[in-house]
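Summary of the model geometry
As a plain string of letters, each chain reads:
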Amino acid sequence: MAVDAWYPSGAVFVPPTPCQPISLMNHIRLKPKESVVHRVFSWVLVLTVLMSSVHADDVGPPAPEELLALTAEASAQLQHAQEIGAIEIAPVHLPTDSAGDCNHLGWPIATMTGDTIVVMHRRIPGHKAKGAGSPDPEMSYGIVLRSDDGGKTWSPPYDLRDCMTSEDRLRGGVVPLSHRAKFDKSNKSTLGYKVHLHAIGTTRDGAVVAINNHGVFRSDDRGRTWKHFPKALRDDNFPHQIVNLGPRILDHPERGLMAFGNWFGEADTYHKLSNKLVTLTSADGGANWSVEEHDVGFPQYEPSVLMHENRFLSVTRDQTKVRSHKQMDWALNSPPTILDTNLKDPRLVDTVDFSFNPVTKRFEMVRSERHRMELWLWSMAPGDWGSGNWRRECRLLAREGTFYSTADGFHPAGAVIDVKRGVQHVFVYAGHPNGPAGVFRITRTLDTPRLKTVLDTAPQVRTPTPLTEGGIVMTFDDRNFNDWVKALPLFDEFGVKATFFISGEIDGPARRAIQKLTEHGHAIGSHSVNHLKAVEYFETRSPEAFMQREIDPQMKAFKAAGVAPVSFAYPMSRNNAATNEKLLEVFRHLRTGKGIAAGTALREDDAFFVPAAKIAEHGCLYGQGIDYAPLRPDRTYEQLDGALQRAAENREIIVLYAHRISESGRGHFVTPEALTRIFRKANELGLKFYTFDELP
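Summarised in this report is the structure supplied together with it. (Residues numbered from 1 in each chain as written. Predicted model: local features only at pLDDT ≥ 70, side-chain atom pairs only at ≥ 80, totals over all residues. Heavy atoms only, no water.)

1. Concerning the overall build of the chain
Secondary structure assignment for the chain yields 13 helices and 42 strands. Within the chain, buried positions represent 60% of all 696 residues. Taking all contacts inside the chain whose residues are at least 6 apart in sequence as the whole, residues at least 24 apart take part in 63%. (Helix = DSSP H or I, 4+ residues; strand = E, 2+ residues; numbered from the N terminus. Buried < 20%, exposed > 50% of the residue type's maximum accessible area, 1.4 Å probe, protein only. Contact = heavy atoms within 4.5 Å.)

As structure tokens, this is what we get:
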């Protein structure tokens, strides 16, 4: 490739934005559609591309809205917030038809130098090796783009491998060292650059330094040209294990460049993490690196590090069970202090972006919740750092699908604060785990209270917030539509909002019932298509077969009916750890049930009670049946009154369930008289009625 002689040896010129970019989608606007369920607008499809562009070599990209696959609720939120100017979503780089197997663009991280944003991301066959494709010469772990106008337009994508020599570019093979165990298992070469994942940052003099699986790169002109340091972190010059990096490079006045991570094992021990915090430092701008390490007592992963008041603060993944984030806090020449946090998920925690907001003067974090494919903004006052308690502010994004199965995306690490424009640019990816997937920009105001207010007041949006008061989650199962609709005046009289778990086909009767129930503020949950026992089906068939038969068709039908259930009730309360784990990939909460021992007081069985403030930590909740109350020993008014009294005294949540609402008849039923008695007692005790949609 010809290189302009003005540029240093090894550097390659990246052309500026072409004069005639090809518009992806010319000012797509979200179109309101009258819902058959709600009497306010719901918004279908949710992407607006404002002044975004790709270039002549990017022909025929997949539709951005297909890659994002936003939920109807998220569509309503974002449309509302966008119209007010609080948030904007647009593509940065989309896969092309010519990409072949390498159509998964992901893991974007960014830095800012002056007014220029520089983004780096991967271009690989997929996140999930099975079904992703074979090793390909187009595989790159260092695709960079830059923008001089706040992300409105972008330079052509540039492959950092193009500034490497052929020998270094293919050192050990097409697939870089750390990923051969995943994408090229037959390649046992130990040659290559000993890096997994990537980091990027801006030096104090405005240069950009990037580290990825191909080594270390530097640009001294805001991303226009790049130089590769051929020996940096190479196998023959780095006598250590592969280092797994977090997203950010800092430039410290004493230590120079600093990147943070953990040991990753060797090429033949893929993903073998240590209990170390590993710091790479370079005093010469990136050409040579030394190592400092500290034992932190757990396998931390991809730390997002911030310098604040001469201390290093970090939020990092705890890979012990991949279910939580921890904080680390240290100073130069001192070991880190480790803090537990309230950042816990049932599974699949992702890397976060961690920053200090100059407008709110608070720490803020953009965090994925991949078990339900949502992206959230959290915050904390600096003075509360030692508590580990973060405040959930607002949801930025929600998409359909199951992570690593039918959906992939997020990794919001490496966002940038644009003080001049008063915004934060968050970069994420979205698509399918085997490709295609594309890179997107979420630009949001730094006025977080305003953003939260705008998103929370969007049409149709019910954003769960932390609960503080005890209450009842009242639920009903199956397809007893006539009974439920007939009882609406009773619910309204006592201010009761309930969740109705519908089984079977979402046909005409179901749709009409959904419309009536939701018009009165009630929520809809899934009870499966055929009312099968989940445990037995998992064991005799497979978890995937259960989802394909019982869950996926019904969720699709619910969407067509204008609702998006976030909860599931097990038919016949047949559940175990395996069914919970699988179904919590789709639903925020599950409901099961159990009996109580003869002679036992319901209020003494702790399984039925969850502190309101901790409800988000409990994916599966036990419900107490109230059919035939007060005739059964476990459902007398004395039993139920005692349980409600405990919930009120301890600020706990109790879940109750029934089926039909009738004075008599076939099947399981609770009488209107019994419901009236329960509702009145709850009101006397000051208990709130929550739907499952309102549980965080």
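2. Digging into empty space enclosed by the protein
This model, assessed by the stated rule, comprises five cavities of 30 Å³ or more. Lining the largest cavity we find 14 residues, and of these Arg 171, Pro 176, Tyr 193, Asn 213 and His 214 sit closest to its centre. Residue composition of the lining of the largest cavity, grouped by class: six nonpolar, four polar and four charged. (1 Å grid on protein atoms, 1.4 Å probe; cavity = no way out; pocket = protein on both sides within 12 Å on 5 of 7 lines; lining within 4 Å. Points joined across faces, edges and corners; volume = space filled by probe spheres on them. Nonpolar A, V, L, I, M, F, W, Y, C, P; charged D, E, K, R; others polar.)

3. Side note on the packing of helix α2 (residues 72-84) against helix α5 (residues 448-456)
Orientation of α2 relative to α5, taken along the N-to-C sense of each, is 130 degrees, at an axis distance of 8 Å. Between α2 and α5, the angle is such that the two are oblique. When you trace α2 past α5, the crossing you get is right-handed. Where α2 abuts α5, its residues Gln 77, His 80, Ala 81 and Ile 84 lie against Arg 450, Val 454 and Leu 455. (Axes fitted to C-alpha atoms, helices over the stretch in contact; angles between N-to-C directions. Parallel < 35°, antiparallel > 145°, perpendicular 65-115°, else oblique. Left-handed = near helix turned anticlockwise from the far one by under 90°.)

4. Here we look at α2
Taking 1.5 Å of rise per residue, the 13 residues of α2 would be expected to cover 18 Å, and the 19 Å separating its terminal C-alpha atoms lies within 8% of that figure. All buried positions along α2 are accounted for by Ala 74, Ser 75, Ala 76, Gln 77, Leu 78, Gln 79, His 80, Ala 81 and Gln 82. Residue Gly 85 follows α2 closely and has a positive phi angle near 85 degrees. (Expected span 1.5 Å × (residues − 1).)

5. Things to note about the pattern of salt bridges
Evaluation of the coordinates by the stated rule reveals 48 salt bridges. Here Asp 353 and Arg 248 are joined by a salt bridge, their closest N and O atoms 3.1 Å apart. Residue Asp 353 is found in strand β24 (residues 353-357), and its partner Arg 248 is found in strand β16 (residues 243-252); the two are separated by 105 residues along the sequence. Each member of the pair, Asp 353 together with Arg 248, is buried. Between Arg 444 and Glu 364 there is a salt bridge; the shortest N-O distance is 2.5 Å. Taken as a pair, Arg 444 in strand β31 (residues 437-445) and Glu 364 in strand β25 (residues 362-369) lie far apart in primary sequence, 80 residues in all. One network of salt bridges, with partners in common, ties together Glu 73, Glu 369, Arg 372, Glu 374, Arg 392 and Arg 395. (Salt bridge = Lys/Arg side-chain N within 4 Å of Asp/Glu carboxyl O.)

6. Brief notes about the nonpolar core
With 46 residues, the main nonpolar core has Ile 472, Met 474, Phe 476, Phe 491, Ile 626, Leu 675 and Phe 679 as its most contacted residues. Counting residues per element, the ones that place at least two in this core are β32 (471-478), α6 (481-486), α7 (488-494), β33 (499-502), α8 (508-519), α12 (637-650), β39 (652-658) and α13 (672-685). Excluding its chain neighbours within four sequence positions, the residues that come into contact with Phe 491 are Phe 476, Trp 484, Val 496, Phe 500, His 522, Ile 661 and Phe 679. In this structure, Ile 87, Leu 94, Val 366 and Val 428 belong to the second largest nonpolar core, which totals 29 residues. (Core = buried A, V, L, I, M, F, W, Y, C linked by side-chain atoms within 4.5 Å.)

7. Looking at the sheet that holds β25
An order of β24-β25-β26-β27 is seen for the four strands of this open sheet, with the pairing classed as antiparallel. Bordering the open sheet on either side are β24 and β27 (391-398), each of which pairs with just one other strand. If you compare each strand with its neighbour and ignore which way they point, the axes differ by 25 degrees on average. With five bridges connecting them, β24 and β25 associate as antiparallel partners. Across the sheet, Asp 353 pairs through a bridge with Val 366, a residue of β25. Sheet strands in contact with α5 are β24, β25, β26 (374-380) and β27, and its direction is about 55 degrees off that of β27. (Pairing = 2+ DSSP bridges.)

8. So, the environment of Phe 568
One can find Phe 568 in strand β35 (residues 567-569). Looking at Phe 568, the relative accessible area reads 0%, which means it is buried. With 20 residues separating them in the primary sequence, Phe 568 and Arg 588 have C-alpha atoms 8.5 Å apart. Ignoring sequence-local partners within four residues, the contact set of Phe 568 consists of Phe 501, Ser 526, His 527, Ser 528, Ile 551, Leu 583, Phe 587, His 589, Leu 590 and Arg 591.

9. As for the packing of α12 against α13
Closest axis-to-axis distance for the α12/α13 pair is 10 Å, and the angle between their directions is 30 degrees. Here α12 is positioned roughly parallel relative to α13, judged by the angle of their axes. As α12 runs across α13, the sense of the crossing is right-handed. Only Glu 673, Ala 674, Arg 677, Ile 678, Lys 681, Ala 682 and Leu 685 of α13 make contact with α12, whose side of the interface consists of Tyr 637, Leu 640, Asp 641, Leu 644, Gln 645 and Ala 648. Split into classes, the residues belonging to the contact of α12 with α13 amount to eight nonpolar, one polar and four charged.

10. Some words on unusual backbone geometry
Comment: phi is negative for the bulk of residues other than glycine, and the bulk of peptide bonds are trans. With an omega dihedral of 0 degrees, the bond running from Gly 435 to Pro 436 counts as a cis peptide bond. Here Pro 436 lies in the loop between β30 (423-431) and β31. Of the consecutive residues Ala 629 and Pro 630, the connecting peptide bond is found in the cis state with omega at 5 degrees. Residue placement: Pro 630 occurs in the loop between β38 (620-625) and α12.

11. Examining the packing of aromatic side chains
Counted by the stated rule, this structure contains 26 aromatic pairs. With a centroid separation of 6.4 Å and an interplanar angle of 50 degrees, the aromatic rings of Phe 238 and Trp 263 are classed as tilted. Linking Phe 238 in the loop between β15 (225-229) and β16 with Trp 263 in strand β17 (residues 256-263), this pair joins segments that are 25 residues apart in sequence. Judged by relative accessible area, Phe 238 falls into the buried class, the value being 2%. Under the relative-accessibility criterion, Trp 263 is labelled buried at 6%. Summarising the aromatic geometry, the rings of Trp 484 and Phe 500 are spaced 4.9 Å apart at their centres and angled 50 degrees between planes, so their arrangement reads as tilted. Of this pair, Trp 484 sits in helix α6 while Phe 500 sits in strand β33, and the two are 16 residues apart along the sequence. Neither residue differs from the other here; Trp 484 and Phe 500 are each classed as buried. Taken together, the aromatic side chains of Phe 476, Phe 481, Trp 484, Phe 491, Phe 494, Phe 500, Phe 679 and Phe 689 make up a single cluster linked through ring pairs. Over the ring of Trp 376 we find Arg 392; its NZ or CZ atom is 3.6 Å from the centre of that ring. Over the ring of Tyr 637 we find Arg 677; its NZ or CZ atom is 4.7 Å from the centre of that ring. (Phe/Tyr/Trp six-rings, centres within 6.5 Å; stacked < 30°, edge-to-face > 60°. Lys NZ or Arg CZ within 6 Å of the ring centre and 35° of its normal.)

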